[in-house]
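Listed below, chain by chain, are the residues.
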Amino acid sequence: MNTPQPLALINARLVDPESGYDGPGGVIVSEGVISDVAKGREFGKLSKNVRVVDCGGAMLAPGLIDLRVKTGEPGAETKETLASAAKAAAAGGVTSFVVQPDTDPAVDDPSVVDFILRRSRDIDAARILCAGAATKGLRGEQMAEIGLMREAGCVYVTDADRPIVDSKVMQRILTYARGFDTLLAHRPMDPWLAKGGAATGGEFAGRMGLPSISPMAERIMLERDIALLEATGGRLLVDQITSAGALETLARAKSKGLRIHASVSINHLSFNELDIGDYRTFAKVTPPLRGEDDRQALIEALADGLIDIVVSAHAPAPAEDKRLPYDEAAPGAVGLETLLPALLSLYHDERVPLIDLIRAVTLAPAALIGLRSGRIAPGAPADLVLCDLDAPVIINADKLLSKSKNSPFDGRRLQGHVLMTIVDGRVVHRAEG
Amino acid sequence: MTAKAPPAHHDPAEAIDPILKRMFSFPRRHFLSAADLNAPQATDLLDLADAFVAFNRQTSKSLDILKGRTLMNLFFENSTRTQSSFEIAGKRLGADVVNMSPRTSSITKGETLIDTAVTLNAMRPDLLVVRHASSGAASLLSQKVSGSVINAGDGQHEHPTQAVLDALSIRRAFGRVSGLTVAICGDVLHSRVARSNVSLLHTLGASVRLVGPPTLMPAQAERWGVTVHHDMKAGIAGADVVMMLRLQLERMQGAFVPSTREYFRFYGLDREKLAKAAPKAKVMHPGPMNRGVEIDSDVADDPEISLIQDQVEMGVAARMAVLASLAHRLEEHGQ
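Quick look at the structure, then. This structure is a prediction, so every number in the text was calculated from the model and none was measured.

Reading guide: rules and limits
Residues numbered from 1 in each chain as written. Chains lettered and ligands numbered in written order. Predicted model: local features only at pLDDT ≥ 70, side-chain atom pairs only at ≥ 80, totals over all residues. Heavy atoms only, no water. Helix = DSSP H or I, 4+ residues; strand = E, 2+ residues; numbered from the N terminus. Rg over C-alpha atoms; globule rule 2.2 N^0.38 Å. Buried < 20%, exposed > 50% of the residue type's maximum accessible area, 1.4 Å probe, protein only. Contact = heavy atoms within 4.5 Å. Areas by Shrake-Rupley, 256 points an atom, 1.4 Å probe, with all protein chains shown as cover. Lys, Arg positive; Asp, Glu negative; His and termini not counted. Charge placed at Lys NZ, Arg CZ, Asp CG, Glu CD. Arc of directions from axis to C-beta. Expected span 1.5 Å × (residues − 1). Buried area = accessible area lost by both parts, 1.4 Å probe. Salt bridge = Lys/Arg side-chain N within 4 Å of Asp/Glu carboxyl O. Polar contact = N/O pair within 3.5 Å; in protein donor to acceptor, adjacent residues only side chain to side chain. Pairing = 2+ DSSP bridges. Right-handed = clockwise from strand over helix to strand, strands pointing away. Axes fitted to C-alpha atoms, helices over the stretch in contact; angles between N-to-C directions. Phe/Tyr/Trp six-rings, centres within 6.5 Å; stacked < 30°, edge-to-face > 60°. Lys NZ or Arg CZ within 6 Å of the ring centre and 35° of its normal. 1 Å grid on protein atoms, 1.4 Å probe; cavity = no way out; pocket = protein on both sides within 12 Å on 5 of 7 lines; lining within 4 Å. Points joined across faces, edges and corners; volume = space filled by probe spheres on them. Nonpolar A, V, L, I, M, F, W, Y, C, P; charged D, E, K, R; others polar. Core = buried A, V, L, I, M, F, W, Y, C linked by side-chain atoms within 4.5 Å.

**Re the overall build of chain A**
Here comes step 1: Across its full length, chain A carries 14 helices and 18 strands.
Here comes step 2: Relative to the compact-globule value of 22 Å for 433 residues, chain A shows a C-alpha radius of gyration of 21 Å, a close match.
Here comes step 3: Oriented by its inertia axes, the alpha-carbon framework of chain A measures out at about 65 × 45 × 45 Å.
Here comes step 4: Scored against the burial criterion, the 433 residues of chain A give a buried share of 61%.
Here comes step 5: Counted over contacts in chain A with a minimum sequence separation of 6, partners at least 24 positions apart contribute 74%.
Here comes step 6: Accessible surface, chain A: about 16,400 Å² in total, of which carbon and sulfur atoms supply 48%.
Here comes step 7: Each charge class in chain A was averaged separately, 48 positive and 57 negative side chains, and the resulting centres sit 3 Å apart.

**So, the overall build of chain B**
Here comes step 1: When helices and strands are counted, chain B shows twelve helices and nine strands.
Here comes step 2: Since a compact globule built from 335 residues should have a radius of gyration of about 20 Å, the 20 Å found for chain B is in line with a globular shape.
Here comes step 3: Considering only contacts in chain B between residues 6 or more positions apart, those separated by 24 or more positions represent 74%.
Here comes step 4: Accessible surface for chain B amounts to roughly 13,500 Å². Of this, 50% is attributable to carbon and sulfur atoms.
Here comes step 5: The distance from the centre of the 37 positive side-chain charges to the centre of the 35 negative ones in chain B is 1 Å.

**Points about helix 4 (residues 113-121) of chain B**
Residues and elements named next belong to chain B.
Here comes step 1: All of the buried residues in helix 4 are Leu113, Ile114, Thr116, Ala117, Leu120 and Asn121. Within helix 4, the buried residues cover an arc of 160° as seen down the axis, which keeps them to one side.
Here comes step 2: Of the surrounding elements, those touching the buried residues of helix 4 are strand 1 (70-75), strand 2 (96-100), strand 3 (127-132) and helix 5 (137-142).

**Describing helix 6 (residues 160-174) of chain B**
Quick reminder: α-helices carry 3.6 residues per turn. Residues three or four places apart thus point the same way.
Residue and element names in this part refer to chain B.
Here comes step 1: The terminal C-alpha atoms of helix 6 lie 21 Å apart, and with 15 residues this matches the ideal 21 Å at 1.5 Å per residue to within 8%.
Here comes step 2: Here helix 6 lies mainly inside the structure; twelve of its 15 residues are buried.
Here comes step 3: Restricting attention to buried positions, one finds in helix 6 the residues Pro160, Thr161, Gln162, Ala163, Val164, Leu165, Asp166, Ala167, Leu168, Ser169, Ile170 and Arg171.

**Things to note about the interface of chain B and chain A**
Buried accessible area, meaning the area lost when the parts come together, often serves as the stated size of an interface.
Here comes step 1: Across the boundary between the two partners, chain B contributes 21 residues, which contact 16 residues of chain A.
Here comes step 2: Taken together, both faces of the contact between chain B and chain A bury some 1,400 Å²; the carbon and sulfur share is 53%.
Here comes step 3: Put simply, B:Arg223 and A:Glu203 hold a salt bridge, and the shortest N to O gap is 3.1 Å.
Here comes step 4: Linking chain B with chain A are nine residue pairs in polar contact (both at pLDDT 80 or more), by the criterion used here.
Here comes step 5: Every element with two or more residues in the side of chain B that touches chain A is listed here: helix 4 and helix 5 of chain B.

**Some points on the pairing of strand 4 (residues 148-154) of chain B**
Residue and element names in this part refer to chain B.
Here comes step 1: With respect to burial, strand 4 is a largely interior element, seven of its seven residues being buried.
Here comes step 2: As paired strands, strand 3 and strand 4 are joined by five bridges and run parallel to one another. Paired with Val129 across the bridge in strand 4 is Ile150.
Here comes step 3: For the crossover from strand 3 across helix 5 to strand 4, the handedness is right-handed.

**Quick notes on unusual backbone geometry**
Residue and element names in this part refer to chain A.
Here comes step 1: For the peptide bond that leads from Glu73 to Pro74, omega is 0°, which places it in the cis range.
Here comes step 2: With an omega dihedral of 0°, the bond running from Asp104 to Pro105 counts as a cis peptide bond.
Here comes step 3: Note that Pro105 resides in the loop between strand 7 (94-99) and helix 2 (110-121).

**Regarding the sheet that holds strand 7 (residues 227-229) of chain B**
Residue and element names in this part refer to chain B.
Here comes step 1: Read across the sheet, five strands follow the order 7-6-5-8-9 without closing on themselves; strand pairing throughout is parallel. Strands at the two margins of the open sheet, each flanked by one partner only, are strand 7 and strand 9 (282-284). When the angles between neighbouring strand axes are averaged without regard to direction, this sheet yields 20°.
Here comes step 2: As defined by bridge partners, strand 5 (residues 181-185) adjoins strand 8 (residues 241-244) across four bridges and the pair is classed as parallel. Considered in strand 8, the bridge of Val182 is made with Val241.

**A short note on the packing of aromatic side chains**
Here comes step 1: One pass over the structure, following the stated rule, counts four aromatic pairs over all chains.
Here comes step 2: In this structure, B:Lys273 packs its charged tip against the face of B:Phe264, placed 5.8 Å from the ring centre.

**Digging into the pairing of strand 10 (residues 183-186) of chain A**
Side chains on a regular strand alternate between the two faces of the sheet.
Residue and element names in this part refer to chain A.
Here comes step 1: Residues of strand 10 alternate between two faces, with Leu183 and Ala185 on one and Leu184 and His186 on the opposite face, all of them buried.
Here comes step 2: Pairing analysis gives two bridges linking strand 9 (residues 156-158) to strand 10, with the strands arranged parallel. By the bridge assignment for strand 10, Val157 is matched with Leu184.
Here comes step 3: Once you follow strand 9 into helix 4 (residues 167-178) and on to strand 10, the crossover reads as right-handed.
Here comes step 4: Here strand 10 runs beside strand 13 (residues 235-238); their pairing, made up of four bridges, is parallel. Bridged to His186 within strand 13 is Val238.

**A short note on empty space enclosed by the protein**
Residue and element names in this part refer to chain A.
Here comes step 1: Under the definition given, this model contains two cavities of 30 Å³ or more.
Here comes step 2: Its boundaries defined by the atoms lining it, the largest cavity holds a volume of some 50 Å³.
Here comes step 3: Around the largest cavity, the lining residues are Leu67, Arg68, Gln100, Tyr156, Thr158, Ala185, Leu237, Asp239, Ser263, Ile309 and Val311.
Here comes step 4: Elements with a minimum of two residues in the lining of the largest cavity: strand 6 (64-69), strand 9 and strand 15 (309-311).
Here comes step 5: Classifying every residue of the lining of the largest cavity gives six nonpolar, three polar and two charged.
Here comes step 6: In this model, the second largest cavity occupies a volume close to 30 Å³.

**Thoughts on the pattern of salt bridges**
Residue and element names in this part refer to chain A.
Here comes step 1: Evaluation of the coordinates by the stated rule reveals 38 salt bridges over all chains.
Here comes step 2: Measuring nitrogen to oxygen at the nearest pair gives 2.9 Å for the salt bridge that ties Arg68 to Asp239. Residue Arg68 is located in strand 6, and its partner Asp239 is located in the loop between strand 13 and helix 8 (244-255); the two are separated by 171 residues in the primary sequence. Across the pair, exposure class does not vary: Arg68 and Asp239 are buried alike.
Here comes step 3: Two residues, Glu218 and Arg290, come together in a salt bridge whose shortest N-O distance is 4.0 Å. Of the two residues, Glu218 sits in helix 7 (residues 216-232) while Arg290 sits in the loop between helix 9 (266-270) and helix 10 (292-303), which places them 72 residues apart along the sequence. For the pair Glu218 and Arg290, a shared accessibility class is recorded, and that class is buried.
Here comes step 4: Taken together, the salt bridges that share partners define one network made up of Arg68, Lys70, Asp102, Asp161, Arg187 and Asp239.

**Comments concerning the environment of B:Lys276**
Residues and elements named next belong to chain B.
Here comes step 1: With respect to the helices and strands, the residue Lys276 is situated in the loop between helix 10 (271-274) and strand 9.
Here comes step 2: On the accessibility criterion, Lys276 (43% relative accessible area) is partly exposed.
Here comes step 3: On a C-alpha basis, the gap between Lys276 and Ala239 in space is 8.2 Å, while along the polypeptide they are 37 residues apart.
Here comes step 4: Here Lys276 is in contact with Lys233, Ile236, Ala237 and Gly238, once residues within four sequence places are set aside.

**Quick notes on the nonpolar core**
Here comes step 1: Counting 97 residues, the largest nonpolar core has A:Phe97, A:Ile241, A:Leu247, A:Ile260, A:Leu269 and A:Val310 as the members making the most contacts within it.
Here comes step 2: Those residues in contact with A:Val310 that lie beyond four places of it in its chain are A:Val264, A:Ile266, A:Leu269, A:Leu302, A:Leu339, A:Leu343, A:Ala360 and A:Val361.
Here comes step 3: Counting 70 residues, the second-largest nonpolar core is a separate cluster that includes B:Phe24, B:Val129, B:Ala163 and B:Leu200.

Structure below.
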């Protein structure tokens, strides 16, 4: 492959969470890495072969790193392939993402990790990383080959949407994974309380006659996970925390100094249960959307750093899986392309400072899985996003690049337009016009 | 109470007149929720239904209001009672009635609800009566068809024609609905009948109480504008109407309540509990009844206090009113 021409991105609003810098500046990119960074100054004379891009004051930040993405590859390629997800990612300013292991076959074996990573090598639009299953077949019974999958290149282990119900199994995985310093992402949800539910228990679900889940299901299992974590050591990522009750539990665990982190999905930051309205299945996600009090608590927890990272929870589902009665419809929403503008709402609404929002989708996830990206510093990988923070956009689901168009943001008016995405020093997306 | 039938030689034309006089256009294309009606509209609908009650008591019970119209009964869940009620209502109005039971026919093999709707829509039914086990199914279907959809029960959400027939039964028994106290008792959590009734009874000015064990009460039901009671005697004290709900058998075996006999002891309606209600209180049940579980036969079969048989009769009249007014609206819109 030809080495791309060196790029000088000048006249930008540079946002770098590592140094805490948010101000005027520019970046020079060559041979796939950031070679020079100017903060509050201009570059000297640039050599002739450097292509200069005037950013016109738009935000230049590290490319987004999304730790929770589903595609349909292998097994359900009509929903989404690795390649189509990568295109969607590039359009959304996401330069790295981690695919979940709940495919068919499941990523519970080093050969499947290898398959995903080989397929990804041919895809330039984004860096695709892979999470391995924590248990064989994601059945929550027998431990998967965590060590071999790590060696093959998986970045963390998880059973994706399925909670590990058996406490003994959970205890062993936390203990064993410690030996490989491997992060376990776990979605806390008590299966007995959650059984058959499609919406959050409360006034809304009651009126709509929807089978419901108490948000307590999350807190109860999180309490268990924390007790096990305390006993075993290990590193735990609470996958998609959603409720105020569970946040209190998380805060207690963090104050004890446990190695525990938490993610929140952009859906739970952006919507509440009322967005289900007249049984809009595109707003059906798992865990289900919560009440407004919970949403506000999540935003506060993100602002004060209790929640570490934000994920898109990208989960493509074709129309035939969505256009069904609410309780039968598949849960999940695509999110790679809408993650950044939706997140920026919290900046425009003055709820969370810009640099903290950017940290939660760049440096913080990079730190969790040991990536060198997520920052703007000489020597760091040249994965960058250029975004016009103020440009108004109306999300049109039909125009999304994902193969599936199940976006709850359809028709939403947001602010923030991705102008350019750079991966490994190459421009992989450029806005039209 | 149906014993005093009118003379058989009654002139049908005289009975049709009040129907035509009270005919009105349903406020919406579909009837999905009891909340689709405001108070004057609900009153118009009950007035029209009243006219149909009188008509139905004649020997000659056929009209041509729906002549040329096709009524399709689409029941994804079995229900002999509601389905026959709609079928008779449609036939008496002169519609061509087709019954579909997708569970037993080949039409839904591997098909989604939307596919089924689109397929059936191509057969151009004017009125589509739908029952489905999922909340929101009727609403989903209504987005895909060109005729009118009548929700005959969607999951645990709504069953609006049941609320209309219940209101009609109450109004005929008391001469009014406004100002009455109605206690709805039993498995409120899973009941679409309860949700529709709370809505329509409120619209018509009644005050509503919900009575049942805490496990069968929806979360924050007190925010529906009702009072919630777990002690049945207190819950029905002074009530004008005691409306019992059916308890599904599969919900009794230890899941929501420990046993049938414990349920009957605390939430079954018998004379002793009923004595707490207002002196001339009436008892209702949407059927089919579990005798000895939620209601004692002694109470259910007493014509002095039970409106249960009237409810069945009113069901046909209420559905005729709904179908006729929906068709009237279709006509006004050139359909």
